Amino acid sequence: QVQLVESGGGLVQPGGSLRLSCAASGFAFADYAMSWYRQTPGKQRELVASIVSPGGEPNYADSTEGRFTISRDNSKNTVSLQMNSLKPEDTAVYYCNAWSSDYERQYDYWGQGTQVTVSS
């Protein structure tokens, strides 16, 4: 079955760094756009970064561009998010997402989320 398993979250001080990883299985990873989203209580889930292919141009939210870097390894079925210069407002649950579509339907898979807390 489809699985997206995030890891790497935790508590970090402002200005610090974390690296999130997502291990994917159960689907054709290379055919999917991979993204990271985040969500805080009472707010909608928001896109943090996405990448279609390993050499493709990634897409970032304005609030994370220049601080976060998304990457993927199709040989290992993993996608990562390197987060630098973290701010308290980056505190959220971070979710890995896989998306694709064909002529019949869309395919949209989510991980269980990993908590990132930025606090002194």
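Here, every reference points to the structure presented above.
As the structure is a prediction and not an experimental result, all values here were calculated from the model. Throughout, a residue's number is its position along its own chain's written sequence, starting from 1. It should be noted that, the model being predicted, local features are given only for residues of pLDDT at least 70 and side-chain atom pairs only at 80 or more, the latter also being counted only at that level, while totals for whole chains, interfaces and linings use all residues. To obtain the side-chain values, all non-hydrogen atoms of the structure were used and water was disregarded.

A. Representation of the pairing of strand β9 (residues 92–101). Here the term buried applies to any residue with accessible area under 20% of the maximum for its type, exposed to any over 50%, and partly exposed to those in between, with areas from a 1.4 Å probe on protein chains only. A run of H or I in DSSP becomes a helix once it reaches four residues, and a run of E becomes a strand once it reaches two; helices and strands are each numbered from the N terminus. In terms of burial, β9 is a largely internal element, seven of the ten residues being buried. Any two strands with at least two DSSP-identified bridges between them are counted as paired. Where strand β4 (residues 33–39) and β9 come together, seven bridges link them in antiparallel fashion. Bridging across to β9, Met-34 finds its partner in Ala-98. As judged from the three bridges shared by β9 and strand β11 (residues 114–118), these two strands associate in the antiparallel manner.

B. Here's a closer look at the sheet that holds strand β1 (residues 3–7). Spatially, four strands are ordered β1-β3-β8-β7 in an open sheet, and the strand pairing comes out antiparallel. One side of each edge strand has no neighbouring strand; the edge strands of this open sheet are β1 and β7 (68–73). Averaged over all neighbouring strand pairs, the angle between strand axes comes to 15°, with direction disregarded. Here β7 runs beside strand β8 (residues 78–83); their pairing, made up of six bridges, is antiparallel. For Phe-68, the partnering residue across the bridge sits in β8 and is Met-83. Here an axis means a line fitted to C-alpha atoms, over the contact stretch when the element is a helix, while the angle between two N-to-C directions is reported on a 0 to 180 degree scale.

As far as function goes, none of this settles anything; it's purely spatial.
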